[in-house]
Amino acid sequence: MTDLDDPTVLHLDEYLAHPPARVWQALTDPGLLAQWFMPGDFRLSVGHRYTMRGTAMPGTGFSGTVQAEVLAFEPERMLRLAWRDADPGSPSAADWTITWTLEPEGRGTRLFLTHEGFDPGNEMQRRARSIMDGGWRHLMTNSLAAVL
Amino acid sequence: MDVTPTAVRQSSSPAEDEIFAALASPVRREVLRLLRERGPQSVQDLASCFSMARPSFSEHLRVLREAGLVSERRDGRRRLYRLEPVPLVRVRDWLDPYERFWRDRLSALRHLLDDTDTGTGGRPHDSGSGPRTDQDEEKP
C-alpha cells in the first residue's frame, strides 16, 4: 500500500509458482477451497449464493461466517464475490466485494486480491461501542469487588 | 505509531476519530478519490462533480480540512484543494486483522499448491531425476 491508496480498500498480491489454470482450480473447486480457505458449497455460476464457515475475528466484530455470492468471473483471469456477514446483527456489518485477479508471471501466476467496502463510519461506531463496553466492564468489576 | 497497546484499547485518539468521521461520508470519500486521481483541484471543479448546494459542499471540505486530509491554498482568485495522505497512515491499523487473515490464507494456498505438486513432477526436489520444467505439470 502507498500513502495515496484508498484507506477503505485492501490490496494484496502473491506470486505462486504454478500456472493460472491450477491457481484458478484452487479458487473455484469446493474440495480445494475447503483445504486452504473455508468449506462452503461454492459453484462457479454468476448469482450463486453460498455460505462459508470460518473463524470469527475478535476486535473487528466479524462473525467469521460469510454469506457469499458470485458476482462475476472470467475463467483463469478474474473472480468477483460479494461477502456479507452471515450474522445480521454482527457489528462488522460486512458488505464487501472480494476480487481475485490472476496474471501469468514467468512460469507461475501473480494472484491479486482486492477487498473493498470497508465502512469507516461503522468502524467509528464500533470503536465508540468498544470503549463504552470497556468502561462498563471496568465499572462492573469494581462494583462487584466492592460488594463481595 | 508509538502508542502503547493499552492506550489504544482504552481510547482512540481524537484525531483518529476525526479521520474516521471524515471518511464515513461517501461524498467526502469521493472528494478524496477525485483529488487522488486528478491532483489538486479548485473548489469549483470539485463542486461541479456533486449535485448539492454549495454551503453543504463547503461543509464537507471543512470536515476534510479539519481532519487534516486535505489542504487549501490560494492560487490567484481560486482556492485549490490537495490531498494530504499522511493522516491516512493513522487509520491503516484498522484493516490489519483482515490483512493478516488474507496473508495466512494466501500462504495456505501456496502450501496446498506446492504440496499437491508432489508426484506430478512440478518441483525440482520431488525426485532425483534432475531439473524439471512446467511441461511436467501435465503429467498425472
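All of these numbers come straight from a predicted model, not from anything done at the bench.

Caption draft 1: Focus on the overall build of chain B. Looking only at helices and strands, chain B has six helices and three strands in total. Each helix (α) and strand (β) of chain B, taken in turn from the N terminus, gives the series α-α-α-β-α-α-β-β-α. Of the contacts formed within chain B by residues at least 6 apart in sequence, a portion of 43% connects residues at least 24 apart. When the accessible area of chain B is evaluated, it comes to approximately 8,200 Å², of which 49% is carbon and sulfur surface.

Caption draft 2: Region of the structure containing helix α6 (residues 96-116) of chain B. Across its 21 residues, α6 of chain B extends 30 Å between first and last C-alpha, which sits within 8% of the 30 Å expected from 1.5 Å per residue. The secondary structure elements touched by the buried residues of α6 of chain B are β1 (9-16), α1 (20-28), α2 (30-36), β4 (78-85), β5 (95-105) and β6 (108-116) of chain A.

Caption draft 3: A look at the packing of aromatic side chains. Using the criterion set out here, one finds 15 aromatic pairs over all chains in the structure. Plain terms: the ring middles of F37 of chain A and W83 of chain A are 5.9 Å apart, the flat faces sit at 50° to each other, and that makes the pair tilted. Here W83 of chain A lies in strand β4 and F37 of chain A lies in the loop between α2 and β2 (49-53), a separation of 46 residues in the sequence. Accessibility expressed as a relative area gives 12% for F37 of chain A, which makes it buried. Of the aromatic side chains, those joined through ring pairs into one cluster are W36, F37, W83 and W100 of chain A together with F101 and W102 of chain B.

Caption draft 4: Local environment of the nonpolar core. Among the nonpolar cores identified, the biggest contains 62 residues, and W83 and W100 of chain A together with W102 of chain B are the most heavily contacted of them. For this core, the leading source of residues is α6 of chain B, giving seven residues. Setting aside anything within four residues of it in sequence, one finds W102 of chain B in contact with L10, L12, F37, W83, I98, W100, L113 and H115 of chain A.

Caption draft 5: Molecular detail of the pairing of strand β3 (residues 65-74) of chain A. All names here are of chain A. The pairing of β2 with β3 spans five bridges and is antiparallel. Within the sheet, the bridge partner assigned to Y50 lies in β3 and is A68. In terms of strand pairing, β3 meets β4 through eight bridges, oriented antiparallel. The partner of A68 across the bridge, within β4, is W83. Taking the residues that link successive antiparallel strands as the turn, the β3-β4 hairpin has three residues, and the phi of E76 there is positive, at about 65°.

Caption draft 6: Layout of the packing of helix α3 (residues 26-38) of chain B against helix α5 (residues 54-66) of chain B. All names here are of chain B. Contact pair α3 / α5: the axes reach a minimum separation of 10 Å and the direction vectors enclose 70°. Classified by the interaxial angle, the pair formed by α3 and α5 is roughly perpendicular. When α3 is examined against α5, the residues V27, R28, V31 and L32 are found in contact with a partner set consisting of F57, H60, L61, V63 and L64. Its residues assigned to classes, the contact of α3 with α5 comprises seven nonpolar, one polar and one charged.

Caption draft 7: Geometry of the interface of chain B and chain A. Taken residue by residue, the interface counts 39 residues in chain B and 45 residues in chain A. With both chains or domains summed, chain B and chain A bury close to 4,000 Å², and 70% of this area falls on carbon and sulfur atoms. As a salt-bridge pair, R110 of chain B and E14 of chain A come within 2.2 Å of each other at their nearest N and O atoms. The tally of links from chain B across to chain A stands at five residue pairs in polar contact (both at pLDDT 80 or more). Those elements giving two or more residues to the side of chain B that touches chain A turn out to be α2 (14-23), α3 and α6 of chain B. By residue number, the principal contributor to the side of chain B that touches chain A is α6 of chain B, which donates 15 residues. Of the residues in the side of chain B that touches chain A, the class split is 20 nonpolar, five polar and 14 charged.

The rules behind the values
Residues numbered from 1 in each chain as written. Chains lettered and ligands numbered in written order. Predicted model: local features only at pLDDT ≥ 70, side-chain atom pairs only at ≥ 80, totals over all residues. Heavy atoms only, no water. Helix = DSSP H or I, 4+ residues; strand = E, 2+ residues; numbered from the N terminus. Contact = heavy atoms within 4.5 Å. Areas by Shrake-Rupley, 256 points an atom, 1.4 Å probe, with all protein chains shown as cover. Expected span 1.5 Å × (residues − 1). Phe/Tyr/Trp six-rings, centres within 6.5 Å; stacked < 30°, edge-to-face > 60°. Buried < 20%, exposed > 50% of the residue type's maximum accessible area, 1.4 Å probe, protein only. Core = buried A, V, L, I, M, F, W, Y, C linked by side-chain atoms within 4.5 Å. Pairing = 2+ DSSP bridges. Axes fitted to C-alpha atoms, helices over the stretch in contact; angles between N-to-C directions. Parallel < 35°, antiparallel > 145°, perpendicular 65-115°, else oblique. Nonpolar A, V, L, I, M, F, W, Y, C, P; charged D, E, K, R; others polar. Buried area = accessible area lost by both parts, 1.4 Å probe. Salt bridge = Lys/Arg side-chain N within 4 Å of Asp/Glu carboxyl O. Polar contact = N/O pair within 3.5 Å; in protein donor to acceptor, adjacent residues only side chain to side chain.

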